[in-house]
Amino acid sequence: MSARHARIATPPAVASVLALIGNTPMVELAGFDTGPCRLFVKLENANPGGSIKDRIALSMIAAAEADGRLQPGGTLVEATAGNTGLGLAQVGLLKGYRLLLVVPDKMAREKIQHLRAMGVDVRITRSDVGKGHAEYYQDMAQVLAAALPNAFYVNQFDNPANPLAHETTTGPEILEQMGGDVDAVVVGVGSGGTLTGLGRFFAKASPKTRMVLADPVGSILAPLVLRGERVEPGSWVVEGIGEDFVPTNCDLSLVKAAYEISDTDSIAAARLLLTRAGILGGSSSGTLLAGALRYCREQTEPRRVVTLVCDTGSRYLSKLYNDSWVAEQGLMHRELHGDLRDLIARTAGDAVTVGPEDTLLTAYNRMRQADVSQLPVLDDGRLIGLIDESDLLEAVEDRRTEARFGQPVAAAMTARLRTLQAGQALDALLPIFERDEVAIVMEGREFLGLITRIDLINYLRRAA
């Protein structure tokens, strides 16, 4: 057996998954344009809870137990973008605690489903309000914690055990894995714990190591670092990083370089990480990779650069790895035409369709799988009809036999279609939506795709 393929010693069995938190692998990225640099990613998605937040959950719970703030049978209350909540559930439930989590409504549904599957009390609140508003997720969590007996408000944004976890575990692991030679570490900021903990560690153990911030466009942090400018917060799709305030745990003085990364570039980088490296990372991992690649390409001398795969991309399959969702959000690099084609989320080539001889069960299954309420009916590539939920319901109600879903789509579809040409004005959509119909867009006799009300709303939101 060659040295390259030599077996690595298999670790022994452990008594609990909590023993598997940390000591995550490091991978050098090949096939990426890194300029003169070598770029490495630390796979924090390999933690048992699937994210870097397992580390801080273990640290914050242990600290609260040690000083008596958390008593047996108590309730952990936290405001979270999802991953800290999952980390707290991973640790807290095994230790016998209850959890109440307040989550902004822009979070991926996979995170919510995961938390609820673990028995967590999840309260969803608004993501369009700022600190000081009663429905802002942190303010709401603090109020709920104060009203509950034997509750501990974790408060990752102001909890010193958060950065301590990275100062004592993540940082030493990186330095050891890199053979003591690290020129830069690229991080994001949600609570600030990763930046501050790693920054404190490297300031002592490897002063040459620069802390680099990758921040979503819309966050206030990168403008503060780059220009000393305090901007009005915007909005961004990336989850878990970017802020509308500077958390207590966030020491921006440690940052030596910063990059503002768009949602489009973050998603493109996350997808590139999957296709070129086989690593399924979340949306914030895409932001960090995009920032790390920009930093590497700007260097004039060889550098050894590390960034993080913050969490698993399996929590974003309905979002950043869903082509239709990405297109609906306007986050895909696509050619714009200045006409109705720009509103089509699923073009003819991407649209979910059925044929006239397909069964109603096939139509039903495709609607459910694609999360749509209508399907174009194509016969040899030619649009001949449309079937929607009301057509389907009417057809199966009329047939009180086991074969009712076995009927062909042709028996239930609407064949008299009102269509629009791609060059028509936006106003042409309104009469169609007033009739509770979907807009069928053609170019001549060629079917281009469908436009729904939500497609128009998404278009107007992007244009605002």
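That block above? That's the structure.
Please read these numbers as outputs of a predicted model, since none were measured by experiment.

Q: Where do I start with the packing of helix α8 (residues 263–277) against helix α9 (residues 283–298) in this structure?
A: Each pair of packed helices gets described by two things: the angle between the helix axes and the distance between those axes. Where α8 meets α9, the axes come as close as 7 Å, and the angle between the chain directions of the two elements is 95°. By the angle class used here, α8 and α9 are roughly perpendicular. Taking contact as the criterion, the partners of Asp 265, Ser 266, Ala 269, Ala 270 and Leu 273 in α8 are, on α9, Ser 283, Gly 286, Thr 287, Leu 289 and Ala 290. Looking at side-chain class alone, the contact of α8 with α9 contains 5 nonpolar, 4 polar and 1 charged residues.

Q: What is the right way to look at unusual backbone geometry in this model?
A: A positive phi angle, close to 55°, is found at Asn 150, a residue other than glycine. For Asn 150, a relative accessible area of 38% translates into the label partly exposed. Of note in the backbone geometry, Asn 155 takes a positive phi value of approximately 55° without being a glycine. Tracing the chain through its elements places Asn 155 in the loop between β6 (151–153) and α5 (161–177).

Q: Just checking my understanding: could you explain helix α11 (residues 360–370) for this structure?
A: Note that an α-helix has 3.6 residues per turn; residues three or four places apart therefore point the same way. The complete set of buried residues in α11 reads Leu 360, Ala 363, Met 367 and Ala 370. Buried residues along α11 cover an arc of 105° about the axis, so they all sit on one side. Away from its buried face, by an angle of more than 90 degrees, α11 presents the exposed residues Arg 368 and Gln 369. The secondary structure elements touched by the buried residues of α11 are β11 (374–379), β12 (382–388) and α12 (389–397).

Q: Hey, could you run me through the environment of Asp 139 in this one?
A: Tracing the backbone shows Asp 139 in helix α4 (residues 137–147). For the pair Asp 139 and Ala 79, spaced 60 residues apart in sequence, the C-alpha to C-alpha distance is 8.3 Å. Ignoring sequence-local partners within four residues, the contact set of Asp 139 consists of Lys 131, Gly 132 and His 133.

Q: Mind showing me how you'd approach the side chain of Arg 315 here?
A: Secondary-structure assignment places Arg 315 in the loop between β10 (304–309) and α10 (323–328). Buried and without a salt bridge, Arg 315 has Asp 311 as its closest oppositely charged side chain, separated by 4.7 Å. Within the local environment of Arg 315, its side chain forms a polar contact with the backbone oxygen of Gly 49, the two atoms lying 2.2 Å apart. Other than its neighbours up to four places away in sequence, Arg 315 contacts Gly 49, Gly 50, Ser 51, Asn 83, Leu 86, Ala 108, Glu 110, Lys 111 and His 114.

Q: How should I be thinking about the pattern of salt bridges in this particular structure?
A: Where charged atoms of side chains with opposite charge meet at close range, the side chains can pair. Scanning all chains against the criterion turns up 26 salt bridges. A salt bridge links Glu 437 to Arg 418, with the nearest nitrogen and oxygen atoms 2.7 Å apart. Taken together, the residues span a long stretch of sequence, with Glu 437 in the loop between α13 (429–434) and β14 (439–443) and Arg 418 in the loop between α12 and β13 (419–421) at a distance of 19 residues. Residue Arg 453 pairs with Asp 436 through a salt bridge whose shortest N-O separation is 2.8 Å. You can see Arg 453 sitting in helix α14 (residues 453–463) and its partner Asp 436 sitting in the loop between α13 and β14, a full 17 residues away along the chain.

Q: What is the right way to read the state of the cysteines from this model?
A: Covalent bonding between the sulfur atoms of two cysteines defines a disulfide. Scanning the model with the defined rule gives 0 disulfides in all. You can see Cys 296 has no disulfide; the closest cysteine sulfur is in Cys 37, sitting 4.3 Å from it. Judged by relative accessible area, Cys 296 falls into the buried class, the value being 0%. Here Cys 310 stays unpaired: no disulfide links it, and the sulfur of Cys 250, its closest cysteine neighbor, is 14 Å away.

The rules behind each value
Residues numbered from 1 in each chain as written. Predicted model: local features only at pLDDT ≥ 70, side-chain atom pairs only at ≥ 80, totals over all residues. Heavy atoms only, no water. Axes fitted to C-alpha atoms, helices over the stretch in contact; angles between N-to-C directions. Helix = DSSP H or I, 4+ residues; strand = E, 2+ residues; numbered from the N terminus. Parallel < 35°, antiparallel > 145°, perpendicular 65-115°, else oblique. Contact = heavy atoms within 4.5 Å. Nonpolar A, V, L, I, M, F, W, Y, C, P; charged D, E, K, R; others polar. Buried < 20%, exposed > 50% of the residue type's maximum accessible area, 1.4 Å probe, protein only. Arc of directions from axis to C-beta. Lys, Arg positive; Asp, Glu negative; His and termini not counted. Salt bridge = Lys/Arg side-chain N within 4 Å of Asp/Glu carboxyl O. Polar contact = N/O pair within 3.5 Å; in protein donor to acceptor, adjacent residues only side chain to side chain. Disulfide = S-S within 2.5 Å.

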